Amino acid sequence: MLFFSYFKELVGKEVTVELKNDLAIRGTLLSVDQYLNIKLENTRVVDQEKYPHMLSVRNCFIRGSVVRYVLLPPDGVDIDILHDATRREARGN
């Protein structure tokens, strides 16, 4: 649940999601759920030459199981809060 609560704080910020099939999509995080399914708006493909068929997609829903990683905005990462939350979760288990 640590990642879910962290991603909820990033709603409204621009993120880049790389999928397991190497497709990278950049957009504004609209919502995220407990399965880390992600909804993006104002999307654009990072490598437009490789994926020209994705140019018309503006909004998308990404199933959490196909996400390789999420690139976060530099100003969206508060390392101290993340460290504290990780320590609290480790003590609870």
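Scroll up to find the structure this text is about.
Notes on the structure in this doc start here. Keep in mind it's a predicted model, so treat the numbers as computed, not measured. Position numbers for residues count from 1 along each chain, tracking the sequence in the order it is written. A pLDDT threshold of at least 70 governs which residues receive local features in this predicted model, and a stricter bar of 80 or more applies before side-chain atom pairs are shown or counted, although totals over entire chains, interfaces and linings include all residues. Side-chain metrics in this entry use all non-hydrogen atoms of the structure; hydrogen atoms and water are not considered.

### Describing the nonpolar core
For this analysis, a nonpolar core means a set of buried residues of the types Ala, Val, Leu, Ile, Met, Phe, Trp, Tyr and Cys, connected via side-chain atoms within 4.5 Å. Exposed residues in this analysis have more than 50% of their type's maximum accessible area, buried residues have under 20%, and partly exposed residues fall in between, with area computed by a 1.4 Å probe over protein chains only. Among the nonpolar cores identified, the biggest contains 19 residues, and Val-17, Leu-19, Leu-23, Ile-25, Ile-38, Leu-40 and Ile-62 are the most heavily contacted of them. Runs of E in the DSSP output that reach at least two residues are strands. Runs of H or I that reach at least four are helices, and both are numbered from the N terminus. Every element with two or more residues in this core is listed here: α1 (2-9), β1 (14-19), β2 (24-32), β3 (38-45) and β4 (59-62). Residues are treated as being in contact if the distance between any of their heavy atoms lies within 4.5 Å. Ignoring sequence-local partners within four residues, the contact set of Ile-25 consists of Val-15, Thr-16, Val-17, Leu-19, Leu-40, Thr-43, Arg-44, Val-46, Met-54, Cys-60 and Ile-62.

### Brief notes about the sheet that holds β2
The sheet built from five strands is open, its strands ordered β4-β3-β2-β1-β5 with antiparallel pairing. The open sheet is flanked by β4 and β5 (67-71), the only strands paired with a single partner. Averaged over all pairs of adjacent strands, the angle between strand axes in this sheet comes to 40 degrees, irrespective of strand direction. The pairing of β3 with β4 spans four bridges and is classified as antiparallel. Only strands joined by at least two bridges in the DSSP assignment are considered to pair. Under this scheme, a helix contributes an axis fitted over its contacting stretch, all axes are lines through C-alpha atoms, and angles between N-to-C directions fall in the 0 to 180 degree range.

Just geometry here; none of it tells us what the structure is for.
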